Amino acid sequence: MNDRIIYIADMDMNVKQYLKQNLEASCYKTKTFDNGEKLVWEINKQKPDLLIMDISLHGIDGLEVCRRLRQEPNTREIPILFLTDKKEEFDIVLGLEVGADDYMIKPFSVRELQSRIKALIRRTKLSQKKQSDDIKLNDLKFDVQGRTIYRGDVEIKFPKKEFELLMFMISNMGKILSREYLLEKIWGSDSFEGTRTVDVHIRYIRRKLCELDNEYCYIECVRKEGYRFINKKLSRKVG
């Protein structure tokens, strides 16, 4: 058994036991929970390498657990995968918006789940090796470690995947990046997500950037090709 520990949070005892058996057979250590409050308390004592969680939990739900973990510097980098029967687009977008790294719908394939777990742990490990300084762009200041953008006294905090996507596009400023390329670079070549995931994340990023600075166009959609970070000042018609 390796040193990787995965926390499993679900109110269904059968699901918890099934996950526990399969993950331990793959040499992961596990702890199981059915209460959101107890889960947060335990995570503050001992951080897992990954959290698999249903949205429906006793106490506080999985969405609130995710929000709390993302607000604290000590826990905001923990990879979180929602495993739930909530399959509407609204639920998926909300889960990703509050900060989840991945989202799977029940019933699920164990092989697919294990592939996603490996990808999340690998990307988190690589991300922790990268040291990034703060960035300034026009009147915007980017706090890379805090995943927050400031303009004067106004600030907007970004979910993990949105910020990773934004920073990747900034590092490739001026280049047209296809949806498939962005999906591979941010979600991984073994991701089971579709390109629609990229569109959803770009939409939320653009909305937040516009709230902070409506004098510039930062992300351009290039028809049939993808997206490009351009940092272009918008012309204002007078009269």
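Refer to the preceding data block for the structure.
In this text, all values refer to a predicted model and were calculated from it rather than measured experimentally.

Chemist: Requested: an account of the sheet that holds strand β2 (residues 29-33), with residues and values cited.
Modeler: In sheet architecture, strand pairing relies on hydrogen bonds along the backbone and comes in two forms, parallel and antiparallel. With parallel pairing, the 5 strands of this open sheet are ordered in space as β2-β1-β3-β4-β5. The open sheet has two edge strands, β2 and β5 (102-105), and neither has a second partner. With strand direction ignored, the average angle separating the axes of adjacent strands in the sheet is 20 degrees. Sheet topology places strand β1 (residues 5-9) next to strand β3 (residues 50-53); 4 bridges connect them, and they run parallel. Residue pairing across strands places tyrosine 7 opposite leucine 51, the latter belonging to β3. Most of the contacts of helix α4 (residues 89-97) go to β5, to which it runs at about 150 degrees, and overall it touches β4 (80-84) and β5.

Chemist: Explain the packing of aromatic side chains residue by residue, including any values.
Modeler: According to the stated counting rule, one finds 7 aromatic pairs in the structure shown. Their ring planes at 45 degrees and their centres at 6.0 Å tell us that phenylalanine 168 and tyrosine 181 sit as a pair that is tilted. Here phenylalanine 168, found in helix α6 (residues 160-171), pairs with tyrosine 181, found in helix α7 (residues 179-187); they are 13 residues apart in sequence, far enough to count as distant. Using a relative accessible area of 19% as the deciding quantity, one classes phenylalanine 168 as buried. Taking relative accessible area as the criterion, tyrosine 181 reaches 32% and is therefore assigned partly exposed. For lysine 208, the ring lying beneath its charged end belongs to phenylalanine 158, and the centroid distance is 5.1 Å.

Rules used throughout
Once a new chain begins, its residue numbering starts again from 1 and follows that chain's sequence as written. Reporting of local features is limited, given that this is a predicted model, to residues whose pLDDT is at least 70; pairs of side-chain atoms are given and counted only at 80 or more, and all residues count toward the totals for whole chains, interfaces and linings. By convention in this description, side-chain values take in all heavy atoms of the structure and omit both hydrogens and water. Only when DSSP finds a minimum of two bridges between them are two strands counted as paired. Note on conventions: DSSP H or I runs of at least 4 residues are helices, E runs of at least 2 residues are strands, and numbering of each starts at the N terminus. Whenever a helix is involved, its axis is fitted only over the stretch in contact; in every case the axis is a line through C-alpha atoms, and angles between N-to-C directions fall within 0 to 180 degrees. Two residues form a contact once any of their heavy atoms are found within 4.5 Å. For Phe, Tyr and Trp, rings pair up if their centres lie within 6.5 Å, where Trp contributes its six-membered ring, and each pair is then called stacked (planes under 30 degrees apart), edge-to-face (over 60) or tilted (otherwise). Burial classes: relative accessible area under 20% of the type maximum marks a residue as buried, over 50% as exposed, and values in between as partly exposed (1.4 Å probe, protein chains only). By the criterion adopted, a ring carries a charge over it if an Arg CZ or a Lys NZ lies within 6 Å of its centre and within 35 degrees of its normal.

Purely geometric numbers; function is a separate question.
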